[in-house]
Amino acid sequence: MNRAGRQRKIILSLVLLCALYFAQIGLRLTLHAQAPIDGVLVLGGSIHREVYAIAQGKDLPRPIVLSGGSSEGCIQRVVDYYGVDPAGIWIEPCATSTFENFAFAAPLLRAEQVHHVLVITSANHLLRAGYLGKIMLGLSGIAVQMFDVP
């Protein structure tokens, strides 16, 4: 077989492997999206999002990841005010952008075996964050459902 033939076979093999990989991710996401929500990710940028998530904390699944938002002291005051058990509420303080919210939260969610996450944000942030979250968390096999704070 000549060099061009070998290169063509290698390229076709790589394309096939990529197609199988993405088909597997798509199937997994379809199954996970049908399962109940088993984690929450709150995108920082507004204390209203964090207050809403903590106020609803008794009804939300854990873990609740507060990404790139308010300080730990501020969050503790909100938790105390609403009388919510802080177990399973994690503060991820490093994120400074929507991209980093998802990048830093993905390993935390994977470690807790979250397969379907509710992402809480504001209405004006919903579309952009939704696309980014579905791509970034989707590559980790985590289905995303978006919710905007009323």
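Check the entry above for the structure.
Before going into details, it helps to say that this report is about the structure given with it. (Residues numbered from 1 in each chain as written. Predicted model: local features only at pLDDT ≥ 70, side-chain atom pairs only at ≥ 80, totals over all residues. Heavy atoms only, no water.)

1. Digging into the overall build of the protein
Applicable threshold: Helix numbering and strand numbering both begin at the N terminus, where a helix is a DSSP run of H or I of at least 4 residues and a strand a DSSP run of E of at least 2. Note on exposure labels: buried denotes an accessible area under 20% of the residue type's maximum, exposed denotes more than 50%, and partly exposed covers the range between, all computed with a 1.4 Å probe on protein chains only. Two residues form a contact once any of their heavy atoms are found within 4.5 Å. For the accessible areas, the method is Shrake-Rupley and the probe is 1.4 Å, while residue cover comes only from the protein chains on display. Working convention for charge: Lys and Arg count positive, Asp and Glu count negative, and His plus the chain ends are omitted. We put the charge of a Lys on NZ, of an Arg on CZ, of an Asp on CG and of a Glu on CD.
The helix and strand inventory of the protein stands at five helices and five strands. Counting from the amino terminus, the protein carries its helices and strands in the arrangement α-β-α-β-α-β-α-β-α-β. Taken along its principal axes, the extent of the C-alpha atoms in the protein is 75 × 30 × 25 Å. Per-residue burial for the protein yields a buried fraction of 37% across its 150 residues. In the protein, of all internal contacts separated by at least 6 residues, the share reaching a separation of at least 24 is 76%. Surface accessibility of the protein: about 8,700 Å² in total, with carbon and sulfur atoms responsible for 62%. Side chains of the protein give 12 positive and 10 negative charges; the mean places of these two sets differ by 21 Å.

2. Thoughts on helix α1 (residues 3-34)
Definition in use: Expected helix span is taken as 1.5 Å per residue step, with the number of steps being one fewer than the number of residues.
With 32 residues, α1 extends 47 Å between its outermost C-alpha atoms, agreeing within 8% with the 46 Å of an ideal straight helix rising 1.5 Å per residue. Every buried residue belonging to α1 is among G5, I25 and H32, and all of these are buried. Buried residues belonging to α1 abut β4 (116-121) and β5 (143-148).

3. Notes on the sheet that holds strand β3 (residues 89-92)
Note the following rule: The pairing criterion is simple: DSSP has to find at least two bridges between the two strands. Where helices are involved, their axes are fitted lines through C-alpha atoms of the stretch in contact, as for all axes, and angles between N-to-C directions lie from 0 to 180°.
Judged by pairing direction, the sheet is parallel, and its five strands sit side by side in the order β3-β2-β1-β4-β5 without closing on themselves. Each edge of the sheet is formed by a strand with only one pairing partner; in this case those strands are β3 and β5. Taking the axes of each pair of neighbouring strands and ignoring which way they run, one obtains an average angle of 20 degrees across the sheet. With four bridges joining them, strand β2 (residues 64-67) and β3 adopt parallel strand pairing. Bridge pairing in β3 places L66 opposite I91.

4. As for the environment of V149
One can find V149 in the segment after β5. Taking the C-alpha atoms as reference, V149 lies 56 Å from A4; in sequence the two are 145 residues apart. Residues within four places of V149 in sequence aside, it is in contact with H48, R49, Y52, I120 and T121.

5. Observations regarding the side chain of H125
What counts is decided by this rule: Side-chain atoms alone can form a polar contact between residues adjacent in sequence; in general such a contact is a pair of N or O atoms within 3.5 Å, and within protein one must be able to donate a hydrogen while the other accepts it.
Along the chain, the position of H125 falls in the loop between β4 and α5 (126-136). At 2.5 Å, the side chain of H125 forms a polar contact with the side chain of T121. Not counting chain neighbours up to four residues away, the residues in contact with H125 comprise L43, R49 and T98.

6. What to know about the pairing of β4
Put simply, the test is: Seen with its strands pointing away from the viewer, a crossover is right-handed when the path leading from the first strand over the helix to the second is clockwise.
Among the six residues in β4, six count as buried, and that is most of the element. Burial along β4 is two-sided: H116, L118 and I120 and V117, V119 and T121, pointing in opposite directions, are all buried. Relative to β4, strand β1 (residues 39-43) runs parallel, the two sharing four bridges. Among the inter-strand pairings, V42 is bridged to a residue of β4, identified as I120. Where β4 meets β5, six bridges bridge the pair, whose relative direction is parallel. Its bridge partner being in β5, V119 is matched across the sheet by M146. Each parallel crossover has a hand, and for β4 linked through α5 to β5 it is right-handed.

7. Some thoughts on helix α2 (residues 47-55)
Spacing of three or four residues puts side chains on the same side of an α-helix, whose turn is 3.6 residues. Put simply, the rule reads: Directions pointing from the helix axis toward each C-beta atom define the arc.
Among all positions of α2, only R49, E50, A53 and I54 are buried. Along the long axis of α2, the arc covered by the buried residues comes to 125 degrees, so they all point the same way.

8. Some details on the packing of aromatic side chains
So the rule is basically this: Side-chain rings of Phe, Tyr and Trp (the six-membered ring for Trp) are treated as a pair once their centres are within 6.5 Å; stacked means planes under 30 degrees apart, edge-to-face means over 60, and tilted covers the remaining angles.
In this structure the tally under the stated criterion is three aromatic pairs. Taking 5.3 Å as the distance between ring centres and 70 degrees as the angle between the ring planes, the aromatic pair formed by Y21 and F22 counts as edge-to-face. Taking relative accessible area as the criterion, F22 reaches 49% and is therefore assigned partly exposed.

In short, shape yes, function no, at least from these values alone.
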